[in-house]
Amino acid sequence: MDEWESPDYEPSLPVSEKSNPFTRDIDRASPSGIVGMLEACDAQMFRQDRGTNYQRLFDEQVVTTLTEVAKRVELILKDPQDSLVVLSGCGTSGRLAFFMASRFNEALKQLNRTLVYSYIIAGGDSALLSSQEAPEDDPELGMLSLQKVCEAKKKVLFIGVSCGLSAPFVAGQLDFCLQHPEVYTPVLLGFNPTHQARDEPIPGCIFTFHSVAQRLQELSQRRKAFLINPAVGPEAISGSSRMKGGSATKIVLEVVLSAAHAAAFSHKSVASECILQHMREYERAVEVTYQQKEGIAAVVEAAGRSLLNEGSVCYLGWGPMAILGLIDASECNPTFGADYTDIRGFIRGGYKDLNNNEGPLSSLGPEFCIGHEDFLQHVLPGLADKDTVLLIYSQSDDLHEVLNLGRRVREKTPNLHAVHHRTDSDSAETPQQISINELCSSTLDFLWCGSTPATGNFLHQWELSTKLVLNAVSTGAHILKGKVYRNHMIDLQVTNSKLYRRATRLLQTLSGRAESECEEALLKAIYGADKLMKDIISSDITAHTQVARNAKKVRRRFR
Ligand code: F1P
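Note that the structure is predicted; figures quoted are calculated from it, not measured.

1. So, the confidence of the model for the chain
In regions of low pLDDT, the predicted coordinates are not meant to be interpreted in detail.
No. 1: Mean pLDDT over the chain: 94, with 98% of residues reaching 70 or higher.
No. 2: Note on residues 555-559: pLDDT is under 50 here. Beyond four places in sequence and across chains, it has 14 contacts.
No. 3: Across the assembled chains, the prediction reports ipTM 0.94 with pTM 0.95.

2. Regarding the sheet that holds strand 2 (residues 117-121)
No. 1: Here five strands make up an open sheet; going across it, the order is 2-1-3-4-5 and the pairing parallel. The sheet is open, and its two borders are formed by strand 2 and strand 5 (226-228), each paired with just one other strand. Across this sheet, the average inter-strand angle for adjacent strands is 20°, counted without regard to direction.
No. 2: For strand 1 (residues 83-89) and strand 2, the ladder comprises five bridges, and the chain directions are parallel. Residue pairing in the sheet places valine 86 in a bridge with serine 118 of strand 2.
No. 3: Running at roughly 150° to strand 4 (residues 184-189), helix 6 (residues 168-179) makes contact with strand 1, strand 2, strand 3 (155-161) and strand 4 of the sheet.

3. Observations regarding the UniProt feature "domain: SIS" (unreviewed entry) in the chain
No. 1: Here, UniProt's "domain: SIS" (unreviewed entry) annotation points to residues 73-266 and 303-483.
No. 2: With 45% helix and 14% strand, residues 73-266 has end C-alpha atoms that lie 14 Å from one another.

4. Quick notes on the domain arrangement of the chain
No. 1: Each assigned domain of the chain is listed with its residue range as follows: domain 1 (60-270), domain 2 (280-485) and domain 3 (493-550).
No. 2: The C-alpha centroid of domain 3 is placed 31 Å from the C-alpha centroid of domain 1.
No. 3: For the pair domain 1 and domain 3, the summed buried area comes to about 820 Å², and 36% of that belongs to carbon and sulfur atoms.
No. 4: Three residues stand out in domain 1 for area buried against domain 3, namely Glu133, Asp137 and Glu200, and they jointly supply 42% of the buried area on that side.
No. 5: At the boundary of domain 1 with domain 3, the tally comes to one salt bridge.
No. 6: As a salt-bridge pair, arginine 501 and glutamate 200 come within 3.1 Å of each other at their nearest N and O atoms.

5. Quick word on unusual backbone geometry
No. 1: In this structure, aspartate 82 takes a positive phi of about 60° despite not being glycine.
No. 2: As for its position among the elements, aspartate 82 is in the loop between helix 2 (60-78) and strand 1.
No. 3: For aspartate 82, a relative accessible area of 28% translates into the label partly exposed.
No. 4: If you check the backbone angles, asparagine 112 has positive phi at about 60° while not being a glycine.
No. 5: Within the secondary structure, asparagine 112 sits in the loop between helix 3 (92-110) and strand 2.

6. A short note on helix 21 (residues 541-550)
No. 1: Restricting attention to buried positions, one finds in helix 21 the residues Ile541, His544, Thr545 and Ala548. Mapping the buried residues of helix 21 onto a view down its axis gives an arc of 95°, with all of them on the same face.
No. 2: On the buried face of helix 21, the contacting elements are helix 18 (497-511), helix 19 (515-527) and helix 20 (534-538).

Calculation rules
Residues numbered from 1 in each chain as written. Predicted model: local features only at pLDDT ≥ 70, side-chain atom pairs only at ≥ 80, totals over all residues. Heavy atoms only, no water. pLDDT = per-residue confidence, 0-100. Contact = heavy atoms within 4.5 Å. Pairing = 2+ DSSP bridges. Helix = DSSP H or I, 4+ residues; strand = E, 2+ residues; numbered from the N terminus. Axes fitted to C-alpha atoms, helices over the stretch in contact; angles between N-to-C directions. UniProt positions renumbered as here; feature names shortened; annotations may be inferred. Domains from an automatic or database assignment. Buried area = accessible area lost by both parts, 1.4 Å probe. Salt bridge = Lys/Arg side-chain N within 4 Å of Asp/Glu carboxyl O. Buried < 20%, exposed > 50% of the residue type's maximum accessible area, 1.4 Å probe, protein only. Arc of directions from axis to C-beta.

This is the structure in structure tokens:
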């Protein structure tokens, strides 16, 4: 049994908020030490149950539920008229909902089939690229956006993702589904046991996330709702659900949707063995990724040096992996109080390649300029030695383009690195590949061998592997910059109720003082006041987080 699984380990916290014993000293570790700890944490995702009460990814019950949900998706794929599969979430969960809906709609397009996937992200498409944490607290907004997407639909499979089983936005949507069972079948995906779902009252609602999860659990006995909530262990940085929570979300959704597609279009019936086999492929992808621990550590070190020297880190990506770069970069603001210029992502064709519902968003400001063209025009001219650039590409991308862009970057900074994926069927390096490698000071060259019986190609593994590398780079670099204390984020933005509670708890952990005293200190810091006036004390958390949103940095006011 891992230490965190003991009932005595941080008993008041759900798994997703516990601190991981493996990373207690991550703030003092070397780059390779950091990557080693991340490897240990990620391996926990696939750990089998060893006599604890926690349900795990490979457990029979979880696999059975995944199989059932895949069958529901299969039915919709076979009879798409007036039907929809909706994926929804907040922050990273919403970004992955978008990613998955786009990828699987793309697969349908290639087969000339009706598109059945829709996504919802709290805060709309601008939240795909920037931190919009406040809408996460709004259950009505969640419900209304679901209603809008599903107008005139007669059958909807709704998959709500909240890693911490905590977002009121998703709770509102699930509650709505429960009220309209004739149309909606709700599925909840998260990584805490149901009893650890958040039970904090939601202003204006008679339900909490916990009560909704309980109702889903009851209905799941009759297969009228589904709950997928295996534990994957505490995050490497406490509460940073973008890491394991995001990876496990990607794994679960891809396993389910791939099985459904295979059943609907290749006449392979959905079977739990295939689901298990596919999940094992992800386990292997994690192992293959960390076999290049030292290479990852070299990029972490370079990126950390850039941030420490007020430089920037740019991900220049191609295809779907570029989207993972955009996602990784967008998460640094709420997690580490980073500026959008600290870590930025760019995708080859900009919004044309992103293909989001709301179309180009560049008019919203420079942080929404995401194409390689934007990089060339606005970033390259000012690029210097202190900046790090990471090329993210695979054998299926245009290597001429990669080489040309690499050359232009190399004229400005020697700090050019690459993440590259290829398969053994294509193992001979092309001249362009060799030239790209020569330009880069380090290359993570992932060579994927063998076969993938579950999906027939390596794309899902490449993507997960890239996600892990990027999470390691951005997290590691911010650790080296000093944005993490022990394994806690200490420059987080207090922009929603979950983060408000997390900040209060952090003060408690670090000071050993009572909760009420810590909340008072947090409020004093948010309002910049030495004394709390009555109107502040009587305001609710929404009001506090609105003020905190505008604060540049929450100052410490302990005396
Ligand atoms: C949603 C989320 C996270 C983000 C931050 C705030 O969490 O937006 O993606 O990293 O921690 O919350 P969840 O609803 O998936 O638990």
